[in-house]
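A structural walkthrough
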Amino acid sequence: TQLLEQSPQFLSIQEGENLTVYCNSSSVFSSLQWYRQEPGEGPVLLVTVVTGGEVKKLKRLTFQFGDARKDSSLHITAAQPGDTGLYLCAGAFIRGGANNLFFGTGTRLTVIP
Amino acid sequence: EPEVTQTPSHQVTQMGQEVILRCVPISNHLYFYWYRQILGQKVEFLVSFYNNEISEKSEIFDDQFSVERPDGSNFTLKIRSTKLEDSAMYFCASSEGYGLADTDTQYFGPGTRLTVL
């Protein structure tokens with residue numbers, strides 16, 4: 001079983017602050033995906049990173065894939081209350097001809113107005 | 001925008017009964033997956049499916065589980081004899097391809113909440 005550890009598990013910040021969420025593993029992944037999940041709903045894709053060292057930006061969100069493809073980070077600039085939610089990283093590990101995603105435990109972010 | 005759909009949204013069943021969870025993947029996708037999430041826990045992989053056969057399955061996916069693509073659009077997960085511990089959210093996902101490219105991105109459906117009494 002591939003293990004992804006996310007930190008922190010819980011994060012509560014004031015509107016306008018910056019934050020970084022980390023996703024670490026001892027395994028090398030073919031790609032890593034970040035999702036956001038609302039209560040009672042399915043994970044909604046934010047971004048996929050594929051190449052070691054890759055950086056992708058999505059408005060105020062910046063995603064980075066580690067050089068060795070074992071870790072990733074999500075940085076949010078000037079957080080807003082609408083950013084509140086559960087953020088999940090998921091590593092894709094090719095087995096049997098299809099990627100199987102291994103999910104982290106998630107980071108629950110609360111942005112206080 | 002194309003999306004993965006799942007039915008029903010909520011299924012309540014008695015222990016020992018069979019249930020079938022249904023999914024309609026995104027139309028041009030070739031790889032299909034089932035995941036589950038027990039309340040308060042992380043999303044766990046169950047099975048992947050390609051070209052009408054299982055590609056990979058986890059330890060959770062025992063003989064009580066089966067998957068099928070009965071026609072060109074539906075992808076189903078059957079649990080033959082449900083147990084209390086099968087209560088969870090079940091998510092279907094699909095991807096266009098697999099490998100070192102964005103085409104292996106998996107898109108998730110909204111889930112089916114299964115409650116076993």
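A short tour of the structure in this document, coming up.

About the thresholds
Residues numbered from 1 in each chain as written. Chains lettered and ligands numbered in written order. Predicted model: local features only at pLDDT ≥ 70, side-chain atom pairs only at ≥ 80, totals over all residues. Heavy atoms only, no water. Core = buried A, V, L, I, M, F, W, Y, C linked by side-chain atoms within 4.5 Å. Buried < 20%, exposed > 50% of the residue type's maximum accessible area, 1.4 Å probe, protein only. Helix = DSSP H or I, 4+ residues; strand = E, 2+ residues; numbered from the N terminus. Contact = heavy atoms within 4.5 Å. Pairing = 2+ DSSP bridges. Axes fitted to C-alpha atoms, helices over the stretch in contact; angles between N-to-C directions.

Bringing the nonpolar core into the picture now. Grouped together as the largest cluster of nonpolar side chains are 22 residues, with contacts concentrated most on B:W34, B:L46, B:F61, B:V67, B:F75, B:L77 and B:Y90. Looking at this core, the elements with two or more residues in it are strand 3 (19-24), strand 4 (31-37), strand 5 (44-50), strand 7 (65-68), strand 8 (75-79), strand 9 (88-95) and strand 11 (112-116) of chain B. Residues in contact with B:V67, not counting those within four places in the same chain, are B:W34, B:V47, B:F49, B:I54, B:F61, B:F75, B:T76 and B:L77. Judged by nonpolar contacts, the second largest core, of 21 residues, contains A:L4, A:L19, A:V47 and A:L109.

All names here are of chain B. Taken in spatial order, the four strands make up an open sheet running 1-3-8-7, and their pairing is antiparallel. The open sheet is flanked by strand 1 (5-7) and strand 7, the only strands paired with a single partner. For this sheet, the mean inter-axis angle between neighbouring strands, taken without regard to orientation, is 20°. Pairing of strand 3 with strand 8, which is carried by five bridges, proceeds in the antiparallel orientation. Note that in strand 8 the partner of L21 across the bridge is L77.

Right, let's talk about the environment of B:A88 for a bit. All names here are of chain B. Looking at the element boundaries, A88 is found in strand 9. On the basis of relative accessibility, which here comes to 5%, the residue A88 falls in the buried class. With 31 residues separating them in the primary sequence, A88 and K57 have C-alpha atoms 18 Å apart. When neighbours within four sequence positions are excluded, A88 is seen to be in contact with R36, Q37, I38, T112, R113 and L114.

Residue and element names in this part refer to chain A. Burial of the side chains of strand 3 (residues 19-25) is restricted to one face: L19, V21, C23 and S25 are buried, whereas none of T20, Y22 and N24 on the reverse face is. Bridge count between strand 1 (residues 4-7) and strand 3: four bridges; the pairing is antiparallel. Note that in strand 3 the partner of E5 across the bridge is N24.

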